[in-house]
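# An overview of the molecular structure
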Amino acid sequence: MALHDSQSKLIAATREDGLGGRLLAMVNAKAFADSLGYRFGFAWKPIHDDKFHSVEKVDKIFSADFIEKHWLGETVEPLGFDVLGEVAFSRASLDAAAARRRFRGWICNEFEILDHFRGGPQLVQRSETLRGFGFSKTVNQALDAADKCPFPGPIAALHLRSGDIVRGKYRFMLHFSDKVVASTLVKAVASELSSKGLTTLLIGQDRETLEYLRSETGALLGDDLGSAEFADETLKAFFEMRLMARCQKIYAGGSVYASVASMMGDVGLVHPKTLFDGSRAAEMILAELSRHQGDYHPLEAAFGYQTAFLDLEDQINPARARDIRHPGKGSRAGSAQRRLSAQNRGGLFSRTRLSVRRSRFEGAHDRTVRSLSRNAVARDWRAGLPNMAR
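Residues numbered from 1 in each chain as written. Predicted model: local features only at pLDDT ≥ 70, side-chain atom pairs only at ≥ 80, totals over all residues. Heavy atoms only, no water.

The next thing to look at is the overall build of the protein. From N to C terminus, the protein includes 17 helices and 12 strands. In the protein, buried positions account for 53% of the 390 residues. For the protein, contacts bridging at least 24 residues in sequence account for 71% of all contacts bridging at least 6. Looking at the protein as shown, the accessible area adds up to about 18,100 Å², and 48% of this sits on carbon and sulfur atoms. (Helix = DSSP H or I, 4+ residues; strand = E, 2+ residues; numbered from the N terminus. Buried < 20%, exposed > 50% of the residue type's maximum accessible area, 1.4 Å probe, protein only. Contact = heavy atoms within 4.5 Å. Areas by Shrake-Rupley, 256 points an atom, 1.4 Å probe, with all protein chains shown as cover.)

So, in structure tokens, the structure goes:
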């Protein structure tokens, strides 16, 4: 134990984004606190005015006892706190900081923060930490219902996060794209999983897209297993999280919701692209769009082109980039693509410029050049410039 009064110092999670992000930060913070002898706390502020995120009040999520022990209020005044960031730290460095006067503790909000901890002691497993959370009666009922739901056979979960990354403001920011699996890859993923004897369980946000993909692949939806019985979106989210946790494997992008489900069930979390060699996933997406683009919402299709382009950008020349941007001008796909471009003006397809810009540095692989090139494209999007391949 530390020589100072460790229980007077907090490791606090204070995120204000979606349910998954908050839970993951809380798990990390509590794992540190329990392992190092500090006190755990969390802030929790409800969200009801966001188009893509809704977070209930703290007493709708957690038990009265858990709230009494750990809740710090809706927000935490950062004065007196250090921030645990993406810099290596150890127990000794934390203990040294804790000895300072007027020091309150640490804000612990980074998802990958455990990767930066050096030395001992061995941290409490995050799955064990999550199991120790005190949830409210209604949340526990949703989790129990998911545990009792019979599965028709071996199942793999596929999480289709979309929301603000596919249809909101973050679609203009390249660095968020890895969080999402393109819906235009789902048919190929479901087919591959079927060949391995696994039924696909699709968990996602857009009802129309999910229904279409179920009709095309035979995949299960959460509704098929009982999630439709939950009118409350938060309870439905916990129910579907537990369903994913019971699957043999979870396929997802960089979704924190899927990460929490993986933790909850101690099951593997992998990206669907690992099912395919090299650039095969990108080519499958482009093939799907050439045949069925009109079956997808325009922004779902746009994200498919984005995913394929980013996977292929190191291998294609500007001519191929233009082909992705303008497939067969006289074809049905080409007409649909132009309609899509008009609806998505200044958005996802401006990345064609990235290939052209990068071709000017052919043979150069310096990361700075790559960063500058991508940033220039992002500025184009934010400026709302027309989509033009040139």
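Now for helix H12 (residues 280-292). The end-to-end C-alpha distance of H12, which contains 13 residues, comes to 18 Å, matching closely the 18 Å that a straight helix rising 1.5 Å per residue would cover. All buried positions along H12 are accounted for by Ala281, Ala282, Ile285, Leu286, Glu288 and Leu289. Seen from one end, H12 has its buried residues packed into an arc of 160°, which puts them on one side. (Expected span 1.5 Å × (residues − 1). Arc of directions from axis to C-beta.)

A word on the packing of helix H10 (residues 233-245) against helix H11 (residues 256-265). With their axes 8 Å apart at the nearest point, H10 and H11 run at an angle of 55° to one another. When the axis of H10 is compared with that of H11, the two are oblique. Here H10 and H11 pass one another in a crossing that is right-handed. For the pair formed by H10 and H11, the contact residues are Ala237, Glu240, Met241, Arg242, Met244 and Ala245 on the first element and Tyr257, Ala258, Val260, Ala261, Met264 and Gly265 on the second. A breakdown of the residues in the contact of H10 with H11 according to their chemical character gives 9 nonpolar, 1 polar and 2 charged. (Axes fitted to C-alpha atoms, helices over the stretch in contact; angles between N-to-C directions. Parallel < 35°, antiparallel > 145°, perpendicular 65-115°, else oblique. Left-handed = near helix turned anticlockwise from the far one by under 90°. Nonpolar A, V, L, I, M, F, W, Y, C, P; charged D, E, K, R; others polar.)

This brings us to the confidence of the model for the protein. Taken residue by residue, the protein gives an average pLDDT of 83. The fraction at 70 or more is 80%. Predicted confidence for residues 330-334 stays below pLDDT 50, and this span has 6 contacts to residues more than four positions away or in other chains. Low pLDDT, under 50, characterises residues 344-390; the predicted model gives this stretch 89 contacts beyond four residues in sequence or across chains. (pLDDT = per-residue confidence, 0-100.)

Before going further, it helps to examine helix H6 (residues 137-148). With 12 residues, H6 extends 16 Å from end C-alpha to end C-alpha; this agrees with the ideal 16 Å at 1.5 Å per step. Residues of H6 that are buried include every one of Val139, Ala142, Leu143 and Ala146, and no others. End-on, the buried residues of H6 take up no more than an arc of 95°, which puts them together on one face. Opposite its buried face, H6 presents the exposed residues Lys137 and Lys148, each directed more than 90 degrees away. Those residues of H6 that are buried are in contact with helix H2 (58-61), H10 and H11.

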